Amino acid sequence: MISAARTQSEPMSPERRIDLLRLMLLARRFDERLMELFGQGLITGTAHAACGQEASAVGVCAALRGTDQVASTHRGHAHLLAKGGCPDRLMAELFGKRTGYSKGRGGSQHVAAYEIGFLGSNGITAGGLPIATGAALAAQHRGLDSVVVAFLGDGAVGQGAFHEAINVGAAWKLPIVYVCENNLYAMGTAVANTSPVTDVADRAAGYGIPGAVVDGQDVDAVYSSASKAVERARSGDGPTLLECKTYRYFGHSKGDAERPYRSRDEERWWEQRDPIRVLTGHLRGQGLLTEEQETALREEAAERIERAVRFAMDSPKPEPADATSDLFA
Amino acid sequence: MRKLSYAKALREALCIEMDRDERVILLGEDIAAYGGSFKVTDGLLAQYGAERVRDTPISENTIVGLATGAALMGLRPVAEIMFMDFIGLAVDQIVNHAAKFHYMYGGQKAVPIVVRTPAGGGRGYGPTHSQSLEAWFMHSPGLKVACPATPADAKGLLLSAMRDDNPVLFVENKLLYGVQDEVPEGDYTVPFGQARIAREGTDLTIVTYSRMVGESVVAADALEQQHGISAAVIDLRTLCPLDMDTVTESVSATGRCLIVAEDYQTAGVAAEIGFQVIERAFEYLDAPLRRVCGLDVPIPCARGLEEIVLPTRSRIATAAFELATF
């Protein structure tokens, strides 16, 4: 299993960047395939695809160690895969199978994988922020050398939990990085309609912590900014609010096919800035990737996701007793 | 046996567990330097240090979230919500997060947190500082809810709560904090889900918890003296798990059941217990169920008004007499 987790702090090697491309392709293919499976009626319920946002998930997780923690959002498949999650178990969860991370109880937005430091995706906007901050408190309290990343969307900024969590995280200099994936829309509401400031990172000033805006479509840039923030957190200097400017290609959820709140022109503009295209462009320009290699990597990702789909389809359904078991430890 | 106040019994439990288990930390508003709004954590800052006894911002939702996150990372936090009325601000973290994680994430990790909070009126604090909101949390799968009525149970139930691997809402009572009673020395636990017969009786069963246990016992004593009516009083101790076996056994013997709860009547704790009595002991009932609860209005400040709105020993005695003579 490839993982974005790193062990050293030097700039990324070409091999490492190819690994990140692999992860981005894997996350992209996972969510694309998911939408197809919904269309075919093979998966029910709901899911939020992160296609277009892979660079923030992969770039941030690349700045982490295996022992660091990530708290995710409702749009969390890419975060989990970037942290080293297993596509089979994630896909099985979406199929509602017993082999899924949550035994089929959680679905798309309620998945935790504690063994790889994934504290959970979360169906409540900003719900994970206080919890991530508590995880950072425990890391500080226990003298662990680990850092927590709390992902949030731009919509989470409207929640009291956003303010509460960052305020206390900053006050106590906790080892945490708050990463806002600003994809410009909270479901269908433009950030501009509900926020007095354009850059979420500007809000960091109110908490006396650094705020940084990064091109969320450029995984190298995300990695570089995230590394600084993680280093700061690990050295005891407290949180950073890192804002990745990004875009999601699909609607908010699988029910949002029309996307009436934004223009097709705007979507095309962002597709030109596709994070996979940006990275492959850099790698090709630097002579680190050939067309054949890129094609092979895409096929590898597609093949891996097909294995995940087969695993999920072949997995057993939950037992009736699973409906009421595990309520208490 | 030595006597101790309910508040000091709670503090003794915190000390026993903090001495025994270094993973226990305390979080809450004004619990450190101030010693807690009701002085339950008085002196613990000096004893255990600022790392383990932490004053938080006034951020109830995040107090519980901090506890949950820290619990996932190996600590066993005890959070305090200064008044139960403020728990409305923390419901999301309690109900959608702490209570659900074990089930929702496939049984991977427990969330061993305790959320302590003082409930109840009778002090003239008014509509936002007097409520008993435990029914909300009986309605939230994945939580345990404890409501001690005596200093001895306060200590023993809190020790059980801190050793439980599940999230526990620990509902204390403001008027009970100063009540002195016998409290055993040393380490002991009172198990969850085991009601206590606070008073033996043969003519009717009063089912209650928290401060209303004492009020019900006083009412039952008066009833015995004045009318020769013998009322049993059952102290539930925990609302989740709920010991309906003890309730059913008593009601089956007496044939009459009065439920007393300080919370709002409609859809309250008494409604649930009453329905379960019907499900389990209908054929033994010689009279309709009765309940004495808070009236369905906000709890007013003025003493004369508060006494009308909250259950009193005289309302309990009247209802018990009517039920016994039905």
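Residues numbered from 1 in each chain as written. Chains lettered and ligands numbered in written order. Predicted model: local features only at pLDDT ≥ 70, side-chain atom pairs only at ≥ 80, totals over all residues. Heavy atoms only, no water.

Engineer: Just checking my understanding: could you explain the overall build of chain B for this structure?
Structural biologist: When helices and strands are tallied, chain B shows twelve helices and 14 strands. For a compact globule of 326 residues, the expected C-alpha radius of gyration is about 20 Å, and chain B comes in at 19 Å, within 12% of that figure. Each principal axis of the C-alpha distribution contributes one length, and for chain B these read about 60 × 40 × 40 Å. Looking at chain B as a whole, 61% of its 326 residues are labelled buried. (Helix = DSSP H or I, 4+ residues; strand = E, 2+ residues; numbered from the N terminus. Rg over C-alpha atoms; globule rule 2.2 N^0.38 Å. Buried < 20%, exposed > 50% of the residue type's maximum accessible area, 1.4 Å probe, protein only.)

Engineer: Quick question: what am I supposed to make of the overall build of chain A here?
Structural biologist: Counting its secondary structure elements, chain A contains eleven helices and eight strands. Computed over C-alpha atoms, the radius of gyration of chain A comes to 19 Å, within 12% of the 20 Å expected from 2.2 N^0.38 for 329 residues, which places it in the range of a compact globule. When its C-alpha atoms are laid out on the principal axes, chain A stretches across 55 × 50 × 40 Å. Across chain A, every contact between residues at least 6 apart in sequence was considered, and the portion connecting residues at least 24 apart equals 73%. (Contact = heavy atoms within 4.5 Å.)

Engineer: Would you take a moment to explain the interface of chain A and chain B for this structure?
Structural biologist: When the parts of a complex come together, some accessible area is lost, and that lost area is often taken as the interface size. Contacts between the two partners involve 44 residues from chain A, matched on the other side by 43 residues from chain B. For the pair chain A and chain B, the summed buried surface comes to about 3,400 Å²; carbon and sulfur atoms form 65% of the total. Looking at the side of chain A facing chain B, the largest losses of area belong to Tyr114, His141 and Phe328 of chain A, adding up to 21% of the total buried there. Taken together, chain A and chain B are joined by zero salt bridges. The tally of links between chain A and chain B comes to 15 residue pairs in polar contact (both at pLDDT 80 or more). Where the side of chain A that touches chain B is concerned, the elements lending two or more residues are strand E2 (118-120), helix H5 (128-141) and helix H6 (160-171) of chain A. (Buried area = accessible area lost by both parts, 1.4 Å probe. Salt bridge = Lys/Arg side-chain N within 4 Å of Asp/Glu carboxyl O. Polar contact = N/O pair within 3.5 Å; in protein donor to acceptor, adjacent residues only side chain to side chain.)

Engineer: Mind showing me how you'd approach the sheet that holds strand E1 (residues 69-71) of chain A here?
Structural biologist: Strand pairing in a sheet takes place through backbone hydrogen bonds and is either antiparallel or parallel in direction. Residue and element names in this part refer to chain A. Taken in spatial order, the six strands of this open sheet run E2-E1-E3-E4-E8-E7, and their pairing is parallel. Looking at strand neighbours, the two that pair on one side only are E2 and strand E7 (211-215), the edges of this open sheet. Adjacent strand axes in the sheet meet at a mean angle of 20°, parallel and antiparallel pairs treated alike. Relative to strand E8 (residues 240-245), strand E4 (residues 176-182) is paired through six bridges, and the arrangement is parallel. Directly across from Cys180, in E8, lies its bridge partner Glu243. Contacts from H5 reach E1, E2, strand E3 (148-153) and E4, with the element oriented near 170° to E3. (Pairing = 2+ DSSP bridges. Axes fitted to C-alpha atoms, helices over the stretch in contact; angles between N-to-C directions.)

Engineer: Before we go on, may I ask you to explain the domain arrangement of chain B in this structure?
Structural biologist: Residue and element names in this part refer to chain B. By domain assignment, chain B separates into domain 1 (3-182) and domain 2 (196-324). Of note, the centres of domain 1 and domain 2, computed from C-alpha atoms alone, are 26 Å apart. With both chains or domains summed, domain 1 and domain 2 bury close to 2,000 Å², and 59% of this area falls on carbon and sulfur atoms. On the surface where domain 1 and domain 2 come into contact, there are two salt bridges. Asp153 is paired through a salt bridge with Arg196; the nearest N and O atoms lie 3.8 Å apart. Joining domain 1 to domain 2, the criterion identifies nine residue pairs in polar contact (both at pLDDT 80 or more). Secondary-structure elements contributing two or more residues to the side of domain 1 that touches domain 2 are helix H6 (134-138), strand E6 (144-146) and helix H7 (151-163). In terms of residue class, the side of domain 1 that touches domain 2 is made up of 14 nonpolar, ten polar and four charged. (Domains from an automatic or database assignment. Nonpolar A, V, L, I, M, F, W, Y, C, P; charged D, E, K, R; others polar.)

Engineer: Can you help me understand unusual backbone geometry in this one?
Structural biologist: Trans peptide bonds make up the majority, and among non-glycine residues the majority have a negative phi. For the peptide bond that leads from Cys240 of chain B to Pro241 of chain B, omega is 0°, which places it in the cis range. Inspection of the secondary structure assignment puts Pro241 of chain B in the loop between strand E12 (238-240) and helix H9 (244-254). If you check the backbone angles, Ala126 of chain A has positive phi at about 75° while not being a glycine. As for its position among the elements, Ala126 of chain A is in the loop between E2 and H5.

Engineer: Help me understand the nonpolar core, please; the structure alone is not making it clear to me.
Structural biologist: Soluble, globular proteins show a tendency: their nonpolar side chains are buried together. One finds Tyr178 of chain A together with Leu26, Ile87, Phe137, Leu158 and Val277 of chain B to be the most contacted residues of the largest nonpolar core, which totals 128 residues. Top element by residues in this core is helix H1 (residues 6-20) of chain B. It accounts for nine residues. In terms of domain composition, this core takes at least three residues from each of domain 1 (3-182) and domain 2 (196-324) of chain B. In contact with Ile87 of chain B, other than residues within four places in its own chain, are Ile81, Ile94, Val115, Thr117, Leu133, Trp136, Phe137 and Leu169 of chain B. Listed in part, the 64 residues of the second largest apolar core include Ala47, Ala57, Leu297 and Ala312 of chain A. (Core = buried A, V, L, I, M, F, W, Y, C linked by side-chain atoms within 4.5 Å.)

Engineer: Is there a simple way to think about helix H10 (residues 269-281) of chain B in this case?
Structural biologist: Think of an α-helix as 3.6 residues a turn; residues three or four steps apart then line up on the same face. Residue and element names in this part refer to chain B. Compared with the 18 Å implied by 1.5 Å per residue over 13 residues, the 18 Å span of H10 between its first and last C-alpha is a close match. By the burial criterion, the buried members of H10 are Val269, Ala270, Ile273, Gly274, Gln276, Val277 and Ala281. Buried residues of H10 fall within an arc of 165° about the axis and therefore sit on the same side. Residues of H10 that are buried make contact with H6, strand E10 (204-208), E12, H9, strand E13 (257-264) and strand E14 (290-294). (Expected span 1.5 Å × (residues − 1). Arc of directions from axis to C-beta.)

Engineer: Please explain the packing of aromatic side chains as it appears in this structure.
Structural biologist: Think of a pair of aromatic rings as described by two things: how far the centres are apart, and how the planes are tilted against each other in angle. All names here are of chain B. The full count for this structure, using the stated rule, is eleven aromatic pairs over all chains. Seen in terms of ring centroids, Phe83 and Phe86 are 5.3 Å apart; in terms of plane orientation they differ by 45°. Their pairing is tilted. Grouping residues by exposure puts Phe83 and Phe86 together as buried. Pairing Trp136 with Phe137 gives two aromatic rings, centres 6.2 Å apart and planes at 45°, and the pair type is tilted. Under the relative-accessibility criterion, Trp136 is labelled partly exposed at 43%. (Phe/Tyr/Trp six-rings, centres within 6.5 Å; stacked < 30°, edge-to-face > 60°.)

Engineer: I'm lost on the sheet that holds strand E5 (residues 114-119) of chain B in this one. Help?
Structural biologist: All names here are of chain B. If you trace the seven strands from one edge of the open sheet to the other, you get E3-E2-E4-E5-E7-E6-E12, paired in mixed fashion. Lying at the two open borders of the sheet, with one neighbouring strand each, are strand E3 (53-55) and E12. Each strand axis lies, on average, 20° off the axis of its neighbour in the sheet, ignoring direction. As paired elements, E6 and E12 share two bridges and run antiparallel to each other. Looking at E12, one finds that Val145 is bridged to Cys240.

Engineer: How should a nonpolar patch on the surface be read in this particular structure?
Structural biologist: A grouping of Leu295, Val297, Leu305 and Ile308 of chain B is seen on the molecular surface, where their side chains present a nonpolar patch of about 330 Å² in accessible area. Tracing the sequence through the fold places Leu295 of chain B in the loop between E14 and helix H11 (303-309). (Patch = residues over 30% accessible without salt bridge, like charges linked within 9 Å, V, L, I, M, F, W, Y side chains within 5 Å. Areas by Shrake-Rupley, 256 points an atom, 1.4 Å probe, with all protein chains shown as cover.)

Engineer: Which parts of the structure should I look at to understand the packing of H1 of chain B against H7 of chain B?
Structural biologist: The description of two packed helices rests on the angle between their axes and on the distance between the axes. Residue and element names in this part refer to chain B. Across the interface, H1 lies against H7 with an axial gap of 8 Å and an inter-helix angle of 30°. Taken together, H1 and H7 sit at an angle that is classed as roughly parallel. Crossing hand, H1 versus H7: right-handed. The residues of H7 that touch H1, namely those facing Tyr6, Ala9, Leu10, Glu12, Ala13, Leu14, Ile16, Glu17 and Arg20, are Pro151, Ala154, Lys155, Leu158, Leu159, Met162 and Arg163. Taken together, the residues of the contact of H1 with H7 break down into eleven nonpolar, no polar and five charged. (Parallel < 35°, antiparallel > 145°, perpendicular 65-115°, else oblique. Left-handed = near helix turned anticlockwise from the far one by under 90°.)

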